[in-house]
Amino acid sequence: MKIATYTVKPKLPNSLKPLEEIARNLWLSWNFDAVQLFIRLDYDVWLQSQQNPVRALGMVSQDRLAQAAKDDSYLAALNEVYDRFLKYKKGETWYKGPRKDMVAYFSMEYGMDVSLPIYSGGLGILSGDHMKTSSDMGLPLVGIGLLYRQGYFTQVLNADGFQQESYPENDWYNMPVERKTDKNGDPLKISVDLAGKIAIAQIWEVKVGRSSLYLLDTNIDENAGEIRNITAALYGGDKETRIQQEILLGIGGIRALRAMGINPAATHMNEGHSAFLVFERIRELIHEKGFTFEEAKEAVWPTNIFTTHTPVPAGNERFEISLIEKYFHVWTGVLGVSWNDFLGLGRINPGDDRETFCMTVLALKMAAYANGVAKLHGLVSREMWKGLWPHLPLEEIPIGHVTNGVHPRTWVSNNMIELLDRYFGLHFEEEPTDLAVWERMNRISDEELWRTHERRRERLVAFARDRIRQRYARTGAVERQIQEAEDALSPYALTLAFARRFATYKRGNLLLRDPERLLRLVRDSERPVQLIFAGKAHPMDMPGKDLIRDIIHFAEKYDVTSRIVFIENYDMTVARYLTSGADVWLNTPRRPMEASGTSGMKAAMNGVLNCSILDGWWDEAYNPDVGWAIGQGEQYTDTKLQDDIESKALYDLLERDIIPLFYQRGRDGLPREWIRRMKASMREIGQSMSSHRMLMDYSNLFYFPALKNYRRITKDDYAESKALAGYFAKLRQSWDSLRILSIESNAKPVMQRGDSLTVTASIDLGSLAPEELMVELYQGAMSNQGYIEQAHRTEMKVINQEAHIYQYQVRIECADTGFQGHTVRILPKHEALVHPYRSGFLKWA
């Protein structure tokens, strides 16, 4: 069948033309005044469009558009929003430097807005907030991802409470994405080789304020069906589909940027999915400059950034060697490396032929900068991946942390934003990097803050009732049940929310362990408590699905369906209602399995108090003024014992602290102490967990140094990277012959604080020169296990030489008391090294 295709766009009167531009820029997603323009245009259409402004414009009748074009009030509102939009795009930003060289941010998913459903959960929401914040700050950053035809699944529960999935198709021509075209107006396309099959992808752009996100799409006529299906679904298909997606994301993403004339001077791999990009960056230099593999690797290593989000080894992407061979054996010729050396890039132990190929290992080996997403997660990551740096002390493993953050104007409710804008002033919107503005929380009266919060709780209850009613009607419930949905929940009761992915380690059923205690709380007529649950289980996670069904069954069994409810299809809309309308945000993961988590941050910025296990971000943010901690950070090997102890601790907190505090009211009916904690939570979390703090950290720690490295490395035809490759070639030849012959010191059995300690080491450098090595005194307190703890490192200097035997010496002061020890070690030293911790190059005495 031959079908002629074309695109039909809405016909807008001239006075309404700005609506089209606003609809196609996700600036709208964090500016409720812009959203109101579409609600006001036609509220029913807005709901039918599923809050998609582009689709809504196409659904509004021409008569209604004509009316709006003559409505002075509507036009005034439109022009005011449009003026703000233009002012935002042209305004001064935190970053004021050059934009020739860009940071390319790669992520498998982006949670930007409900109108663009290409996300599944926390990773995507974080990536979306990353892009929005980059726009606010004016950073030289572009996003790269994939355009999924189906996105993630839509969740529905059947009458028995069992999760079922549907996969609605996305209509890109009625969504806020636009296809990139070449100078002839044809779709801009790139190609990648997939085991001998050529996959062609077109490029779509999502405008995010000042920034752009580019998405690759293989669902085009030039591709065969199996290739078209690469971008069919997020996290869909088998392992082969996954490796094809990751090749397209990493290798195809770099090629897409080149096709658009964008120079990815530095790359940020958000999780390991995109790590294949390092091969493309290396291939470019080999092809264009005639570099060796080692020269090209040293050129890109200082400009690669990697963020890991996974706190357990099993969660890291691994591929069987047979699959890697199918897709990458040809690359060994392209890169000029042996097959074993290629595989070694993705293995902790390159010599272990049984080890699979790990994307996280590849990213860690090929990136100069690496981080976890919370302070505790950084520690967990260093412990998890210490095998990549044998014998290096844990605290020196080159994996730091940048704690996640959330975009305030996306997640703080419009009612609360209005209140904060009134008291914080224009500064809050126009200079979002000035986090000290949150110190103005105490200017807000208790009455206004509480009234705003109660309004949000009322809206949450109304929203939940509507969702419950829809579910009952869909599953064929009797009329009585549907009517009962009208009375579900109370707009005045203490509301606890638990909303996140339903995986067993998150323990969504922890509160159900003692039915008698829980029922006593929810049935208390004087101090009522109600629980709202939401979240999706992975389609293949049957235990996760069982957790959801257990909650539904519990409420029905004990006839508390009006006090314990589950809201279907947890997405950004549901999240906004919950994080702004609940009173307490529950989080009960098994420590340390929560890398960071961000939903509690969103809740805190809305004045919702957190009650959580000390894991992820809460481990560093908690103090008694901003919420409650379940336990004291203990970790267990017996999970049943852990569940018993921590569920009892949670019940105790509710019964003794949380419920009494919420219902402790003065004569004016206000819970003053509760409000004090709300203000403290908003003030502290608003500053410490803002995505603007997060992006300032990424910029100062990684982005700006990586861009500086790029500009330095590319000078003189990459002379520095060539020199560094030659340096490491020399090290590899000479390292085994390097020997620490002796260590002498003036240490006595008992030293006094303030005494001088002189240490001399005799070292055989072989063919290496002193300036090529870092010789350090490693000194500190001795542990009971015979290790040096909290060590001080001091570089030693050459004082004498006989042939290739060098005498190194250093003098330090005995500053710390107690049982002390010292030794000597050798590390690489080169001016071009970002850090000296390269695997295999560390020698201890």
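Residues numbered from 1 in each chain as written. Predicted model: local features only at pLDDT ≥ 70, side-chain atom pairs only at ≥ 80, totals over all residues. Heavy atoms only, no water.

Draft legend 1. Fine view of the environment of leucine 496. Tracing the sequence through the fold places leucine 496 in strand β15 (residues 494-499). Using a relative accessible area of 1% as the deciding quantity, one classes leucine 496 as buried. Distance from leucine 496 to alanine 582, taken between C-alpha atoms, is 5.9 Å for residues 86 residues apart in sequence. If near-sequence neighbours (up to four positions away) are discounted, leucine 496 is found in contact with Val529, Gln530, Leu531, Ile532, Val584, Leu586 and Leu654. (Helix = DSSP H or I, 4+ residues; strand = E, 2+ residues; numbered from the N terminus. Buried < 20%, exposed > 50% of the residue type's maximum accessible area, 1.4 Å probe, protein only. Contact = heavy atoms within 4.5 Å.)

Draft legend 2. Structural view of the sheet that holds strand β21 (residues 739-745). Pairing in this open sheet of 4 strands is antiparallel, and the strands run β21-β22-β26-β25 from one edge to the other. In this open sheet, the two strands that pair with only one neighbour each are β21 and β25 (797-802). Along the sheet, successive strands turn relative to each other by an average axial angle of 20 degrees, direction set aside. Of the pairings in the sheet, the one linking β25 to strand β26 (residues 805-813) comprises 5 bridges and is antiparallel in character. Counterpart to valine 798 in the pairing with β26 is tyrosine 808. (Pairing = 2+ DSSP bridges. Axes fitted to C-alpha atoms, helices over the stretch in contact; angles between N-to-C directions.)

Draft legend 3. Representation of the nonpolar core in the model. By size, the foremost hydrophobic cluster in this structure holds 182 residues, and its most contacted members are Phe276, Phe279 and Phe328. No other element matches helix α28 (residues 691-713), which puts 10 residues into this core. The residues contacting phenylalanine 279, other than those within four sequence positions of it, are Phe328, Trp331, Leu335, Phe342, Leu345, Phe357 and Leu362. Residues Leu419, Phe428, Ala488 and Tyr663 belong to the second largest nonpolar core, which totals 102 residues. (Core = buried A, V, L, I, M, F, W, Y, C linked by side-chain atoms within 4.5 Å.)

Draft legend 4. Region of interest: empty space enclosed by the protein. Throughout the structure, instances matching the rule amount to 2 cavities of 30 Å³ or more. Of the volumes computed, that of the largest cavity is approximately 80 Å³. Surrounding the largest cavity, Pro408, Arg409, Phe428, Pro432, Asp434, Leu435, Val437, Trp438, Ser690 and His692 form its lining. Tallied by class, residues from the lining of the largest cavity come to 6 nonpolar, 2 polar and 2 charged. Size it by volume and the second largest cavity reaches roughly 30 Å³. Phe498, Arg507, Gly508, Leu510, Leu511, Phe533, Leu586 and Thr588 are the residues that line the second largest cavity. Considering only residue class, the lining of the second largest cavity consists of 5 nonpolar, 2 polar and 1 charged. (1 Å grid on protein atoms, 1.4 Å probe; cavity = no way out; pocket = protein on both sides within 12 Å on 5 of 7 lines; lining within 4 Å. Points joined across faces, edges and corners; volume = space filled by probe spheres on them. Nonpolar A, V, L, I, M, F, W, Y, C, P; charged D, E, K, R; others polar.)

Draft legend 5. Summary view of the pattern of salt bridges. Evaluation of the coordinates by the stated rule reveals 70 salt bridges. One salt bridge connects arginine 549 with aspartate 546, and the closest N-O pair in it is separated by 3.1 Å. A residue pair is termed a helical-turn pair when its members lie 3 or 4 positions apart in one helix, as arginine 549 and aspartate 546 do in helix α22 (residues 542-557) at 3 residues. Among the residues examined, arginine 549 registers a relative accessible area of 24% and is labelled partly exposed. Here the salt bridges do not stand alone but share partners, grouping Arg507, Arg513, Arg590, Lys640, Asp643, Asp644 and Glu646 into one network. (Salt bridge = Lys/Arg side-chain N within 4 Å of Asp/Glu carboxyl O.)

By themselves these figures say nothing about function.
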